[in-house]
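Structural features, examined
Here is what each chain is made of, one letter per residue.
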Amino acid sequence: MASFQVEEELKCDKDSVLEKLKDIQAMPQYWKGTKEVNVLSDDGKTAEAKIRFAFPASGKVRITRLDNGIRIDYLEGPFKGYQETIVEDGKIVSKWDVKFNWMFRAMEKKNIEHFKEGTKHALLRLQGIQVES
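Before going into details, it helps to say that this report is about the structure given with it. (Residues numbered from 1 in each chain as written. Predicted model: local features only at pLDDT ≥ 70, side-chain atom pairs only at ≥ 80, totals over all residues. Heavy atoms only, no water.)

A few words on the packing of aromatic side chains. Summed over the entire model, instances satisfying the criterion amount to twelve aromatic pairs. Here the aromatic cluster, defined as three or more aromatic residues joined through ring pairs, consists of Phe 4, Tyr 30, Trp 31, Phe 53, Phe 55, Tyr 74, Phe 79, Trp 96, Phe 100 and Phe 115. We note Arg 71 situated over the ring of Tyr 82; from NZ or CZ to the ring centre the distance is 4.0 Å. (Phe/Tyr/Trp six-rings, centres within 6.5 Å; stacked < 30°, edge-to-face > 60°. Lys NZ or Arg CZ within 6 Å of the ring centre and 35° of its normal.)

Let us look at the nonpolar core. Judged by nonpolar contacts, the single largest core of 33 residues is most densely connected at Met 27, Tyr 74, Phe 79 and Trp 96. With near-sequence residues (within four places) excluded, Tyr 74 lies in contact with Ile 51, Phe 53, Lys 60, Val 61, Phe 79, Lys 80, Gly 81, Tyr 82, Gln 83, Trp 96 and Val 98. (Core = buried A, V, L, I, M, F, W, Y, C linked by side-chain atoms within 4.5 Å. Buried < 20%, exposed > 50% of the residue type's maximum accessible area, 1.4 Å probe, protein only. Contact = heavy atoms within 4.5 Å.)

Right, let's talk about a negative patch on the surface for a bit. Residues Asp 13, Asp 15, Glu 19 and Asp 23 make up a contiguous surface patch of negative charge. Of note, Glu 19 is situated in helix α1 (residues 14-22). Its relative accessible area of 63% is what places Glu 19 among the exposed residues. (Patch = residues over 30% accessible without salt bridge, like charges linked within 9 Å, V, L, I, M, F, W, Y side chains within 5 Å. Areas by Shrake-Rupley, 256 points an atom, 1.4 Å probe, with all protein chains shown as cover. Salt bridge = Lys/Arg side-chain N within 4 Å of Asp/Glu carboxyl O. Lys, Arg positive; Asp, Glu negative; His and termini not counted. Charge placed at Lys NZ, Arg CZ, Asp CG, Glu CD. Helix = DSSP H or I, 4+ residues; strand = E, 2+ residues; numbered from the N terminus.)

Structurally, Glu 117 can be placed in helix α4 (residues 108-126). Since its relative accessible area comes to 47%, Glu 117 is described here as partly exposed. Here the alpha-carbon distance between Glu 117 and Val 6, two residues 111 residues apart in the chain, equals 8.8 Å.

Further remarks concern the pattern of salt bridges. Working definition: two side chains of opposite charge can pair if their charged atoms are close together. Counted by the stated rule, this structure contains nine salt bridges. When the shortest N-O distance is used, the salt bridge between Arg 65 and Asp 42 registers 2.8 Å. Taken together, the residues span a long stretch of sequence, with Arg 65 in strand β4 (residues 58-66) and Asp 42 in strand β2 (residues 34-42) at a distance of 23 residues. On the basis of relative accessible area, Arg 65 is assigned to the buried category, the value being 14%.

Within a regular strand, side chains alternate between the sheet's two faces. With seven of ten residues buried, strand β7 (residues 91-100) lies mostly within the body of the structure. In the sheet, strand β1 (residues 2-9) pairs with β7 via eight bridges, with the strands oriented antiparallel. The residue of β7 that forms the bridge with Phe 4 is Trp 96. Where strand β6 (residues 79-88) and β7 come together, ten bridges link them in antiparallel fashion. Within β7, the residue paired with Gly 81 across the bridge is Val 98. (Pairing = 2+ DSSP bridges.)

Across a sheet, strands are paired by hydrogen bonds formed along the backbone, either parallel or antiparallel in direction. Strand order in the open sheet formed by seven strands is β1-β7-β6-β5-β4-β3-β2, with antiparallel pairing between adjacent strands. Lying at the two open borders of the sheet, with one neighbouring strand each, are β1 and β2. Each strand of the sheet is rotated relative to its neighbour by a mean of 20°, with strand direction disregarded. Two elements, β2 and strand β3 (residues 46-53), share seven bridges in a ladder whose sense is antiparallel. Bridge pairing in β3 places Glu 36 opposite Arg 52. (Axes fitted to C-alpha atoms, helices over the stretch in contact; angles between N-to-C directions.)

Looking at the element boundaries, Leu 123 is found in helix α4. In this structure Leu 123 comes out as buried when scored by relative accessible area, which is 0%. With residues up to four places along the chain from it excluded, the contact list for Leu 123 reads Val 6, Glu 8, Thr 85, Ile 92 and Ser 94.

This is the structure we're talking about:
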């Protein structure tokens, strides 16, 4: 399993970040590793979706809107597990716990570093801070 956490100082309004974070269709705007989100069902609390990654792969996810963030359960695709992003007073934290499938496992260390950098950039973009990709 690949488990790691990325934390950034919250430099803007907490509620505006939460609003962006919970807008599932907006994910590709700040998570550059997610190219497309196709929502299959959404009851306002939990959504099922198919996602297409920026690299040549796709997957199925369940996205749960929490009071202070979201949890994405990766059900099918190049990795399985979860990612949770929480907005707290003064900080925004993203925690990952995923297992790469056999094809991506050979490059797991490189993938983890790539995911960490992408997560840092996403946390900044959520706050309206421009990041070069």
